[in-house]
Amino acid sequence: MALTAKSKFEDQYVDPVGKSVPRIEGRGIVTGQLKYVFDVSFPNMLVGKMLRSHHAHARILSIDTSKAEALPGVKAVVTARDTHQIKFGSNEYFFPHTVDQMALEADKVRYIGDEIAAVAAVDEETADQALRLIDVKYEILPGVFEIEEAIKPGAPQIHESLNNIAVILPVNFGNPERVMKEADYVREDKFWCPVAHPAPMEPHVCVGQWETFTNKITLWSSSQAPFKCREALAKTLKMDLNDVRVIKMAVGGGFGGKLEMLPMDFAACLLSKKAGGLPVKICLTREEEFTTTRRKHGMIYKIKTGVKKDGTILAITGEVLADGGAYCSYGPTVLAAAIMRIFMVYKIQHFRMSGYRVYTNNPVSGAMRGFGGVQSGFAIESHMDMIAQDLGMDPIEFRLKNITTPNMVTVNKMVLTTNGLRDCIERAAVACGWKDKHGKMKHLKKGIGIGIAADVMGSKMYKSHESAGAIVKVEEDGSVYLFTGAADTGQGSNTALSQIAAHELGVSFSRIKCKAGDTEITPFDTGSFASRVTFISGNAALLGGRDAKMQILEIVAKDNNLNMEELDIKAEKVIFKKDGRKLMSFDKALELCYSFKYGKQIIGRGSYNPKTTPIDFRTGEGNVSGSYGFEAQIAQVQVDTDTGHVKVLELWDAHDIGKAINPQSVEAQIEGSLAMGIGYTFYEDLRFKNGRVLNANFAGYRVPRSIGIPKINSILIETDDPEGPFGAKGMGEASLLPTSAAIANAVEDAIGVRIKELPITPEKIIKALKEKASQKI
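Here is what the cut-offs are and how they apply
- Residues numbered from 1 in each chain as written.
- Predicted model: local features only at pLDDT ≥ 70, side-chain atom pairs only at ≥ 80, totals over all residues.
- Heavy atoms only, no water.
- Axes fitted to C-alpha atoms, helices over the stretch in contact; angles between N-to-C directions.
- Helix = DSSP H or I, 4+ residues; strand = E, 2+ residues; numbered from the N terminus.
- Parallel < 35°, antiparallel > 145°, perpendicular 65-115°, else oblique.
- Left-handed = near helix turned anticlockwise from the far one by under 90°.
- Contact = heavy atoms within 4.5 Å.
- Nonpolar A, V, L, I, M, F, W, Y, C, P; charged D, E, K, R; others polar.
- Expected span 1.5 Å × (residues − 1).
- Buried < 20%, exposed > 50% of the residue type's maximum accessible area, 1.4 Å probe, protein only.
- Arc of directions from axis to C-beta.
- Domains from an automatic or database assignment.
- Buried area = accessible area lost by both parts, 1.4 Å probe.
- Salt bridge = Lys/Arg side-chain N within 4 Å of Asp/Glu carboxyl O.
- Polar contact = N/O pair within 3.5 Å; in protein donor to acceptor, adjacent residues only side chain to side chain.
- Lys, Arg positive; Asp, Glu negative; His and termini not counted.
- Pairing = 2+ DSSP bridges.
- Phe/Tyr/Trp six-rings, centres within 6.5 Å; stacked < 30°, edge-to-face > 60°.
- Lys NZ or Arg CZ within 6 Å of the ring centre and 35° of its normal.

S.K.: Explanation requested: the packing of helix α12 (residues 395-402) against helix α13 (residues 421-432) in the structure shown.
M.R.: Contact geometry of α12 with α13 gives a least axis separation of 10 Å together with a crossing angle of 165 degrees. Classified by the angle their axes make, α12 and α13 are roughly antiparallel. The chirality of how α12 crosses α13 is left-handed. Residues Ile396, Arg399 and Leu400 of α12 lie in contact with α13, whose contacting residues are Arg422, Ile425, Glu426 and Ala429. The class makeup of the residues in the contact of α12 with α13 is four nonpolar, no polar and three charged.

Structure below.
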């Protein structure tokens, strides 16, 4: 084996943790060579299309596919009668009754867009024509589209659930009713949080192929959770897990919307089987993406709080009503997160809040970045500001009096170890000049507002464990391969996990190659959601790197008659731990491992399952995360009272990230979250009329653009978490949670009006100003 004495790897990539190393796939992105599912192509590949219901609620009387099947160029048509009619869902482990959707509906459709049949043809034109030839006869049923109408006795019944309530989540601690009577001041508010859509640049697309000679299927997908997708495919197709392979390609944005198997994934595989093994590609149109995938839950959030005169929170009660749409999806998880995130942020002993996830005949609500925390963040943080104002307290002073602290256990048994929330608030306040600005810029129609938040690093809500695995394979030529089941959806997890593995192994980041998200060759991972990848998958990568390092050191110690515990690998060198003296280079150590004398292949393995407990959904108790992240966000705005236009001038975000594995990626995640938060605050509102989406394109559904994003100041608070890899925490979602509240609080500070319904539009500002003026008369 020919290896030079001096390593060819660049010094700046040695000890990569804490450095802004380039993204592993960065060059592929900018050159256009990175492969997305849309780029997957095979000879004789067919075009698949889904037949969808045009009715919001109807019974299927008959489906006649004979004309479509006879059309030249059509290779396969499938309906429910071609399936095992097995239902799927996303919270099956804890809520088996919420498994309520079939890949192709057999008896009833429950929203406009519900899947009834699928076709595969030689081209798109033929596939579209085939859909038009399928004759479906319906019995139209009455629909229900508003949350509060759906839960009334006698409302149209969508599933078998009483009053269309799919999930009831009661969370009760202490005696809030008694304590509320002892409060010096009580405030009650109601907020509306609208429906939003993940709106990824890349619509859902998949390629399915059935291997006729093995009876195995392969799905190429842009999934955030390929192993979860595999489980759902295996279940609905009645196949063994090891006969289903899901390959995650590059993902052009997910934001929660690509966490689940969709009927299109199932249909592509089944169509391929019926077409004799020809591969089938299904790509959703933009309209289908907006109307038939997954969306953020619309929520009515009611909250009541009792406090002492000095601002101490005594008790909180409330109610959450969530529009779940036609099927349950991730509804229970979203509802739980919308209620229970408050315990991470505020010290509360007396609490009662009930959540209701309600079926309607609207499109399906599911996971979206923030998992209910965006809605609750707007409601709770607006409400807290209003209490502070009523008490004559500074909003920051009020929060500092009530926030959680390090090394405490919350009333619902969350174990908070490192907690940088106080640091976040204080650092953000100093950075923005809070004392000189709050309440002092009304003459300029400028204001400043704060919102705070906390989030999990994963959550034991999907199955009985939350584990992730990693394999670190060191080749003879010195290259290092990291195999991880984690799904990089654009957030840079392949890079961060590679940094962790390289740092622990003691080699340059330049050596690492990463293979991720292939269920046949990479270890299991639950997926990219709940800000879990850096923390959970990162620990697996660290342990895999450590195992590989120990194998190398074992050979080196044996060959040099040394104790392995005396040695380490740092910065491309095998060193003595005691004094840092170099024993040999990493390349030399590797040459020894692969020598005639030893012939040792270096394959490190790592597996990590956080020390958590699942939520008891009867009470709300449970330490759902191995650690928790915290953050404070401040917005400065200026309001044009003639037009109602609100301009965000600057944002400050202080985030407890434990340790920044890649500071540039951390800042990018913060900036992306804040941009998304601005969108939800001002623009994003998926509108419906009788179950039909009215703005199912980017002409009608507005999202923020780069030219409209204000200056963002990221402040990274490093608390060195004892459980995180090199002290790191996850942080993909928390920055999004308080943005709407921080902006709404800043608007109130600027012009003295409170907006309780998102989005904040010029019309709502003008209306609120008129109401304020009329009250003075």
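That was the structure; now back to the text.
S.K.: Would you explain helix α20 (residues 762-776) in this entry?
M.R.: Compared with the 21 Å implied by 1.5 Å per residue over 15 residues, the 22 Å span of α20 between its first and last C-alpha is a close match. Of all the residues in α20, the buried ones are Ile765, Ala768 and Leu769. The buried residues of α20 occupy one face: seen down the axis, they fall within an arc of 100 degrees. Seen from the open side of α20, the exposed residues pointing more than 90 degrees away from its buried face are Glu763, Lys767 and Lys770. Packing partners of the buried residues in α20 comprise β28 (628-639), β29 (646-656) and α19 (739-751).

S.K.: For this particular structure, what's the right way to read the domain arrangement of the protein chain?
M.R.: Reports often express the size of an interface as the amount of accessible area lost when the parts come together. According to the domain assignment, the protein chain contains domain 1 (8-34 + 467-608), domain 2 (39-141 + 204-251 + 260-285) and domain 3 (363-460 + 618-776). Domain 2 and domain 3 are separated by 39 Å when their C-alpha centres are compared. Contact residues are listed per partner, giving five residues for domain 2 and six residues for domain 3. Interface of domain 2 and domain 3: buried area, both sides summed, is about 460 Å²; carbon and sulfur atoms make up 61% of it. Where domain 2 touches domain 3, the interface holds zero salt bridges. Inspection of the domain 2/domain 3 interface yields zero residue pairs in polar contact (both at pLDDT 80 or more). Residue composition of the side of domain 2 that touches domain 3, grouped by class: four nonpolar, one polar and no charged.

S.K.: I would appreciate a short explanation of the side chain of Lys248 in the present structure.
M.R.: Mapped onto the elements, Lys248 comes out in strand β13 (residues 244-248). Buried and without a salt bridge, Lys248 has Asp488 as its closest oppositely charged side chain, separated by 6.1 Å. At 3.1 Å, the side chain of Lys248 forms a polar contact with the backbone oxygen of Asp488. If sequence neighbours within four positions are ignored, Lys248 has contacts with Ser221, Ser223, Pro226, Ala487, Asp488, Ala516 and Gly517.

S.K.: Got a minute to help me understand the pattern of salt bridges in this structure?
M.R.: By the definition in use, this model includes 43 salt bridges. The closest approach of N and O atoms between Lys152 and Glu149, which form a salt bridge, is 2.9 Å. The exposure class assigned to Glu149 is partly exposed, which follows from its relative accessible area of 40%. A salt bridge links Asp518 to Arg245, with the shortest nitrogen-to-oxygen separation between them at 2.6 Å. Residue Asp518 is located in the loop between β23 (512-516) and α16 (533-559), and its partner Arg245 is located in strand β13; the two are separated by 273 residues in the primary sequence. A relative accessible area of 1% means that Asp518 is categorised as buried. Judged by relative accessible area, which is 21%, Arg245 ranks as partly exposed. Linked through salt bridges whose partners overlap, the residues forming this network are Arg187, Asp189, Asp390 and Lys756.

S.K.: How do you make sense of helix α18 (residues 663-682) when you look at a structure like this?
M.R.: Because an α-helix completes one turn every 3.6 residues, residues spaced three or four positions apart along the sequence face the same direction. The first and last C-alpha atoms of α18 sit 29 Å apart over 20 residues, in line with the 28 Å expected at 1.5 Å per residue. Here α18 lies mainly inside the structure; 15 of its 20 residues are buried.

S.K.: Any chance you could explain the packing of helix α11 (residues 373-391) against α12 here in plain terms?
M.R.: The description of two packed helices rests on the angle between their axes and on the distance between the axes. Between α11 and α12, the shortest axis-to-axis distance is 9 Å and the interhelical angle comes to 110 degrees. The orientation of α11 with respect to α12, classified from their angle, is roughly perpendicular. As for how α11 packs across α12, the hand of that crossing is right-handed. Within the contact between the two elements, α11 uses Glu381, Met384, Asp385, Ile387, Ala388 and Leu391 and α12 uses Pro395, Phe398 and Arg399. Residues belonging to the contact of α11 with α12 are distributed by class as follows: six nonpolar, no polar and three charged.

S.K.: Can you help me understand the sheet that holds strand β2 (residues 58-64) in this one?
M.R.: Reading across the sheet, the three strands line up as β6-β2-β8 and stay open at both edges, with antiparallel pairing between neighbours. The open sheet has two edge strands with one neighbour each: β6 (108-109) and β8 (135-140). Both β2 and β6 contribute to a ladder of two bridges, which runs antiparallel. Of the residues in β6, the one forming a bridge with Arg59 is Lys108.

S.K.: Looking at this structure, I do not really get the sheet that holds strand β24 (residues 567-570). What am I missing?
M.R.: Two orientations exist for strands paired in a sheet by backbone hydrogen bonds: parallel and antiparallel. Strand order in the open sheet formed by three strands is β24-β25-β26, and the pairing between neighbours is antiparallel. Sheet topology places β24 and β26 (582-585) at the edges, where each strand pairs with a single neighbour. Taking the axes of each pair of neighbouring strands and ignoring which way they run, one obtains an average angle of 25 degrees across the sheet. Here four bridges tie β24 to strand β25 (residues 573-576), and the two strands are oriented antiparallel to one another.

S.K.: Honestly, unusual backbone geometry in this entry has me stumped. Any pointers?
M.R.: When glycine is set aside, most residues are seen to have a negative phi, and most peptide bonds are trans. The amide bond that connects Leu758 to the next residue, Pro759, takes the cis arrangement and shows omega of -5 degrees. A positive phi angle, near 65 degrees, is found at Asn44, a position not held by glycine. By the secondary structure assignment, Asn44 is in the loop between α1 (26-31) and β1 (46-52). Its identity is not glycine, yet Asn164 carries a phi of approximately 60 degrees, on the positive side. As for its position among the elements, Asn164 is in the loop between α4 (147-150) and β9 (165-173).

S.K.: I tried to follow the packing of aromatic side chains on my own but got confused; where do I start?
M.R.: Aromatic ring pairs: the centre-centre distance and the angle between the two ring planes describe each pair. Going through the model one piece at a time under the given rule, you end up with 16 aromatic pairs. Measuring from ring centre to ring centre gives 5.0 Å for Phe42 and Trp220, while their planes differ by 55 degrees; the resulting arrangement is tilted. Placement of Phe42 in the loop between α1 and β1 and of Trp220 in strand β12 (residues 216-221) is noted, with a sequence separation of 178 residues between them. Aromatic side chains Phe173 and Phe343 sit 5.7 Å apart centroid to centroid with 85 degrees between the ring planes, which places their arrangement in the edge-to-face category. Of the two residues, Phe173 is situated in strand β9 and Phe343 in helix α10 (residues 342-345); the sequence distance between them amounts to 170 residues. The burial state of Phe173 is the same as that of Phe343; both residues are buried. Members of the aromatic cluster, connected to one another through ring pairs, are Tyr93, Phe94, Phe95 and Phe617. Positioned over the ring face of Phe38 is Lys281, at 4.8 Å from the centre of the ring. Positioned above the aromatic ring of Phe191, the side-chain terminus of Lys756 is 6.0 Å from the ring centre.

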